[in-house]
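# Residue-level structural notes
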Amino acid sequence: MRIRVYIRVETLIPLLMKKGWTQQKLARRIGVSPWTLSMAMNMRQSPRADVQHRLMEAFRGMSHKPGGRLTWDDMF
């Protein structure tokens, strides 16, 4: 059995806005194609574990909530 993990768009969009990044820039930063990132954001494809890790690293020390820190549960 395989567990599907999806990116929480309600978390990712505010983080992108805080950084001033586009989806394309984030995709390049984490080493995936813009199409792959889009598919993951639209819940059509589950990102691989290494991509999940790189996504968390891209936003290390940030949060979409005031005074908080980004957790894995916030992002996925």
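Residues numbered from 1 in each chain as written. Predicted model: local features only at pLDDT ≥ 70, side-chain atom pairs only at ≥ 80, totals over all residues. Heavy atoms only, no water.

## Remarks on helix H1 (residues 9–19)
- Of all the residues in H1, the buried ones are Thr-11, Leu-12, Leu-15 and Leu-16. Looking down the long axis of H1, one finds its buried residues gathered within 125 degrees of arc, a one-sided arrangement. Relative to its buried face, H1 has exposed residues pointing more than 90 degrees away, namely Glu-10, Met-17 and Lys-18.
- Buried residues belonging to H1 abut helix H2 (23–30), helix H3 (34–41), helix H4 (49–58) and helix H5 (72–75).
- Gly-20 lies just past H1 and shows a positive phi near 75 degrees. (Buried < 20%, exposed > 50% of the residue type's maximum accessible area, 1.4 Å probe, protein only. Helix = DSSP H or I, 4+ residues; strand = E, 2+ residues; numbered from the N terminus. Arc of directions from axis to C-beta. Contact = heavy atoms within 4.5 Å.)

## Side note on a positive patch on the surface
- Residues Lys-19, Lys-25, Arg-28 and Arg-29 make up a contiguous surface patch of positive charge.
- With 3 residues, H2 is the single largest residue contributor to the positive patch.
- Note on Arg-29: relative accessible area 55%, which makes it exposed. (Patch = residues over 30% accessible without salt bridge, like charges linked within 9 Å, V, L, I, M, F, W, Y side chains within 5 Å. Areas by Shrake-Rupley, 256 points an atom, 1.4 Å probe, with all protein chains shown as cover. Salt bridge = Lys/Arg side-chain N within 4 Å of Asp/Glu carboxyl O. Lys, Arg positive; Asp, Glu negative; His and termini not counted. Charge placed at Lys NZ, Arg CZ, Asp CG, Glu CD.)

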